[in-house]
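Secondary and tertiary structure notes
Residues per chain, in single letters:
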Amino acid sequence: MLFAARRLCPPLLLAGASKMAAPRPSSNMAAFRETLASAKHVVVLTGAGVSAESGVPTFRGAGGWWRRYQAQNLATPGAFREQPSLVWEFYHYRRHNMASKQPNKAHEAIASLQQRWTAAGRRCRVITQNIDGLHQRAGSQDVLELHGTLFKTRCTRCRHVEENRDDPICPALAGTGAPDPSTPSAHIPVKDLPRCRQPGCGGLLRPHVVWFGENLDAEVLGQAEAELEACDLCLVVGTSSVVYPAAMFAPSVAERGVPVAEFNLEPTPKTAEFGFHFTGPCGEILPEALAP
Ligand code: BJW
Ligand code: ZN
């Protein structure tokens with residue numbers, strides 16, 4: 001199992017060891033396109049940056065604030081335990097916000113690549129850390145959502161998972177969730193937050209997403225590992241590559257000698273481990289890189 005050893009190792013040690021041996025990444029587009037042309041099985045691993053040009057905030061950096069909170073600090077089981085109303089306001093805002101967002105040219109370029117390749121008997125699998133559903137809306141099929149989705153809930157009592165696109169998801173959240181730092185918290189009583197409708201349950205619902213310290217779904221992780229072990233090209237698009245286990249996916253592919261191309265506004269802690277790095281907005285670069 002490719003990732004078994006890495007799961008047990010601190011990522012900094014692994015990153016450091018690989019960095020020493022890695023050559024400087026190329027930004028030669030013609031060379032990348034030759035590599036793409038000869039590949040048979042590509043994995044496209046995406047993060048928040050792929051949706052940035054759709055107007056969806058990223059996690060880290062300037063856009064990663066909601067009120068006076070850093071988004072990543074609300075994406076924790078502890079935050080939900082202590083302030084379920086606040087965390088639901090945050091997710092209500094993000095669910096509501098998605099109604100006005102559209103897939104951008106990067107999502108479209110990836111979906112188009114997958115459609116062309118599938119028709120030609122080649123394989124292209126999208127693995128995303130995003131929970132916004134924009135890859136699927138652009139036409140990508142069989143997207144692996146590593147960190148869950150905004151549009152499913154899970155019951156904290158009976159664990160039932162179901163799709164839910166209601167906006168608002170419960171009456172008490174209507175009109176809440178504004179991101180401005182001066183907005184007061186709604187302090188919704190727990191009994192009025194989203195509740196499970198399974199017979200005899202009524203438990204508190206939570207977003208079906210993966211928060212810090214929680215395990216990724218074993219089935220999803222297994223499928224991602226299988227794709228990464230079999231691919232002959234990996235694209236890493238719009239991720240800071242600091243959140244594990246996703247942060248070790250592309251380095252593991254590179255470690256077995258398979259080309260990896262990173263598309264990002266800036267270098268990441270993993271850039272030196274990759275064969276290609278293209279700096280700039282992925283909505284501009286990917287259409288050129290993946291054009292037929
Ligand atoms: C553009 C662009 C444009 C912008 N074009 N580019 C080993 C060692 C130490 C710690 C750990 C470890 N293993 C696990 C951990 C703990 C933790 C972790 O990794 N912590 C690190 C911070 C160190 N991981 C976990 O807890 C994971 N669970 C786990 O591993 O379980 C087992 C375990 C538990 C505990 C200990 C050990 C093992 C679960 C991680 C879940 C992450 N959840 C979130 C929230 C999801 C729900 C939600 O969305 O609300 O997932 S956090 C947040 O970060 C979200 C994202 O998917 C994820 C990654 O962020 P991403 O996508 O990279 O976004 P940004 O904002 O960081 O970067 C955007 C990038 O785009 C930037 O680089 C920009 O430059 C670029 N960009 N515009 C191109 N136009
Ligand atoms: Zn329930």
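As the structure is a computational prediction, the values presented were derived from the model and not from experiment. Each chain carries its own residue numbering, running from 1 in the direction its sequence is written. Here chains are named by letter from A upward and ligands by number from 1 upward, in the order in which they appear as written. Only residues with pLDDT of at least 70 are given local features in this predicted model, and only at 80 or more are side-chain atom pairs given and counted; all residues enter the totals for whole chains, interfaces and linings. Values shown for side chains rest on all heavy atoms present in the structure; no hydrogens or waters enter the calculation.

1. Concerning helix α10 (residues 218-230)
Applied cut-off: Secondary structure elements are taken from DSSP: a helix is a run of H or I of four residues or more, a strand is a run of E of two residues or more, and numbering for both begins at the N terminus. For a helix, the expected span equals 1.5 Å multiplied by the residue count minus one. Exposure categories follow from relative accessible area, calculated using a 1.4 Å probe and restricted to protein chains: below 20% of the type maximum is buried, above 50% is exposed, and the middle band is partly exposed. Of all possible arcs, the one meant is that of the directions from the helix axis to the C-beta atoms. Under this definition, polar contacts are N or O atom pairs within 3.5 Å; protein pairs additionally need one hydrogen-donor-capable and one acceptor-capable atom, and for neighbouring residues in sequence, both atoms have to be side-chain atoms.
For α10, built from 13 residues, the straight-helix expectation of 18 Å at 1.5 Å per residue is met to within 8% by its first-to-last C-alpha distance of 18 Å. Along α10, the residues that are buried comprise V220, L221, A224, E225, E227 and L228. Taken end-on, α10 shows its buried residues confined to a sector of 165°, consistent with a single buried face. Within α10, the exposed residues directed more than 90 degrees away from the buried face are A218 and E219. Sitting at the amino-terminal end of α10 is D217, which places a side-chain oxygen 3.0 Å from the backbone nitrogen of E219.

2. Looking at the coordination of the zinc ion (ligand 2)
Our working rule: Here the term donor refers to an N, O or S atom within 2.8 Å of the metal (or 3.2 Å for Na, K and Ca), and because water is left out of the atoms, sites may appear incomplete. A four-donor site is classed as tetrahedral when every donor-metal-donor angle falls between 85 and 135 degrees; four donors are called square planar, and six octahedral, when trans pairs exceed 155 degrees and all remaining angles lie between 65 and 115, with any other arrangement labelled irregular.
The zinc ion (ligand 2) binds to the protein through C155 (SG), C158 (SG), C196 (SG) and C201 (SG), with metal-donor distances spanning 2.3 to 2.4 Å. Taken together, the 4 donor atoms coordinating the zinc ion (ligand 2) and their angles of 101 to 115° define a geometry best described as tetrahedral. Donor residues for the zinc ion (ligand 2) sit on one chain with the sequence pattern C-x2-C-x37-C-x4-C. Remark: C196 occurs in the loop between β7 (161-163) and β8 (205-209) and C158 occurs in the loop between β6 (148-155) and β7; sequence separation between them is 38 residues. Here C158 falls in the partly exposed class, since its relative accessible area comes to 36%.

3. Concerning the pattern of salt bridges
The line we're drawing: A side-chain nitrogen of Lys or Arg and a carboxyl oxygen of Asp or Glu constitute a salt bridge if their distance falls within 4 Å.
Applying the stated criterion across every chain, the model contains 7 salt bridges. Residue R206 pairs with E214 through a salt bridge whose shortest N-O separation is 2.7 Å. Accessibility expressed as a relative area gives 7% for R206, which makes it buried. Accessibility expressed as a relative area gives 22% for E214, which makes it partly exposed. The structure contains a network of salt bridges with shared partners spanning R123, R125 and E227.

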